[in-house]
Amino acid sequence: MNLKKVLAVILSAATVYSPIMSVYAYDTETAVGDITSDVIEVPSVNSSTGTCGVNAVWTLDDDGTLTISGTGDMADYTSDSSAPWGAYGASVKKVIIEDGITSVGEFAFYSLENLTSVAIGKSVGSVGDCALLNCSKLATITVDEENGYYSSDEYGALFNKDKTVLIQYPAGNETGDDGSHREGRGYAAGKTGRKDRL
């Protein structure tokens, strides 16, 4: 085969395959561009979320507010098996338990060192043991007035509905300086227990 025939075959092949190669290269760039944009997108702290019960969801925003939403019971945890927001524990400053949640899990907010306030919605009918234990900066617990099972007082303490049983006095609340208001009503800072009568 002479040189002219070889060159003619190569040029013919290049002419036929050139548009195909260009289309392939274009599609590859487009696909790579799409993949790259998906990979670069990184969620911020305000996207920190997950489940904490069959139909319960938690979300932590950039301000340190942990919101529990959805319906039904929260899951129970232990001091050794922390809640899913445990990795963000130092960032949690406020907890809001929205209407629809019916129980707060055991050890749910255990040892959240910077937690200062907890708001309990009207549908919560059960607060698990040690749910707020070792929260040394917790200053106030508030309960929706329409809650049929729990209430709170002017010092931010958590009670049963008719205030005959103290469930939790916030450990970080030093209102009254010497704490005399606590002793006068049988309070003990950080004390928990459904059977502690006033």
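For the structure itself, look to the data block above.
Residues numbered from 1 in each chain as written. Predicted model: local features only at pLDDT ≥ 70, side-chain atom pairs only at ≥ 80, totals over all residues. Heavy atoms only, no water.

Caption draft 1: Representation of the nonpolar core. Ranked by internal contacts, the top residues of the largest apolar core, which has 33 residues, are Leu66, Ile68, Trp85, Ile97, Val104, Phe109 and Leu115. Of all the elements in the fold, those that place two or more residues in this core are strand 2 (56-60), strand 3 (65-70), strand 5 (94-97), strand 6 (101-104), strand 7 (117-120) and strand 9 (140-143). When residues in this core are grouped by element, the largest group, 3 residues, is from strand 2. In contact with valine 104, not counting residues within four places along its chain, are Met74, Ile97, Phe109, Val124, Ser126, Val127, Gly128 and Ala131. (Core = buried A, V, L, I, M, F, W, Y, C linked by side-chain atoms within 4.5 Å. Buried < 20%, exposed > 50% of the residue type's maximum accessible area, 1.4 Å probe, protein only. Helix = DSSP H or I, 4+ residues; strand = E, 2+ residues; numbered from the N terminus. Contact = heavy atoms within 4.5 Å.)

Caption draft 2: Expanded view of the sheet that holds strand 8 (residues 126-127). Strand order across the open sheet formed by 3 strands is 4-6-8, with parallel pairing between neighbours. Every interior strand has two partners, whereas the edge strands, strand 4 (72-73) and strand 8, have only one. Across 2 bridges, the pairing between strand 6 and strand 8 is parallel. When the bridges of strand 8 are listed, serine 103 appears paired with serine 126. (Pairing = 2+ DSSP bridges.)

Caption draft 3: Just the pairing of strand 2, in detail. The alternating pattern of strand 2 places Ala56, Trp58 and Leu60 on a buried face, while none of Val57 and Thr59, on the opposite face, is buried. Two strands pair when backbone bridges link them, and strand 1 (residues 48-51) and strand 2 are joined in this way by 4 bridges, in the antiparallel orientation. Across the sheet, residue threonine 49 finds its bridge partner in strand 2, namely threonine 59. As judged from the 5 bridges shared by strand 2 and strand 3, these two strands associate in the antiparallel manner. Across the sheet, alanine 56 pairs through a bridge with glycine 70, a residue of strand 3. The turn joining strand 2 and strand 3, which pair antiparallel and follow one another in sequence, is formed by 4 residues; a positive phi near 90 degrees is taken by glycine 64.

Caption draft 4: The arrangement of the pattern of salt bridges in detail. Counted according to the given criterion, the structure contains 1 salt bridge. Across the pair glutamate 146 and lysine 122 runs a salt bridge whose closest N-O atoms are separated by 3.5 Å. Placement of glutamate 146 in the loop between strand 9 and strand 10 (150-152) and of lysine 122 in the loop between strand 7 and strand 8 is noted, with a sequence separation of 24 residues between them. When its relative accessible area of 60% is taken as the criterion, glutamate 146 is described as exposed. You can call lysine 122 partly exposed: its relative accessible area is 36%. (Salt bridge = Lys/Arg side-chain N within 4 Å of Asp/Glu carboxyl O.)

Caption draft 5: Spotlight on the sheet that holds strand 11 (residues 158-160). The strand order across the open sheet built from 3 strands is 10-11-12, with neighbouring strands paired in antiparallel fashion. Only two strands of the sheet have a single partner each, and these edge strands are strand 10 and strand 12 (166-168). On average, each strand axis in the sheet is inclined to that of its neighbour by 40 degrees, with strand direction left out of account. Across 2 bridges, the pairing between strand 11 and strand 12 is antiparallel. Bridging across to strand 12, leucine 158 finds its partner in glutamine 168. (Axes fitted to C-alpha atoms, helices over the stretch in contact; angles between N-to-C directions.)

Caption draft 6: Representation of the side chain of threonine 67. Positionally, threonine 67 belongs in strand 3. The class of threonine 67 is buried, set by a relative accessible area of 17%. Sequence-distant contacts of threonine 67, that is, excluding residues within four places in its chain, are made with Val57, Trp58, Thr59, Ile96 and Glu98.

Caption draft 7: How the structure looks around the packing of aromatic side chains. Under the definition given, this model contains 5 aromatic pairs. Ring geometry for tryptophan 58 versus tryptophan 85: centroids 5.8 Å apart, planes at 70 degrees, classification edge-to-face. Of this pair, tryptophan 58 sits in strand 2 while tryptophan 85 sits in the loop between strand 4 and strand 5, placing them 27 residues apart in sequence. In terms of burial, tryptophan 58 and tryptophan 85 fall into one category: buried. The interplanar angle of 50 degrees and the centroid separation of 6.1 Å between the aromatic rings of tryptophan 58 and tyrosine 88 together place this pair among those described as tilted. Note that tryptophan 58 is positioned in strand 2 and tyrosine 88 in the loop between strand 4 and strand 5, a separation of 30 residues in sequence. Here the aromatic cluster, defined as three or more aromatic residues joined through ring pairs, consists of Trp58, Tyr77, Trp85, Tyr88 and Phe109. (Phe/Tyr/Trp six-rings, centres within 6.5 Å; stacked < 30°, edge-to-face > 60°.)

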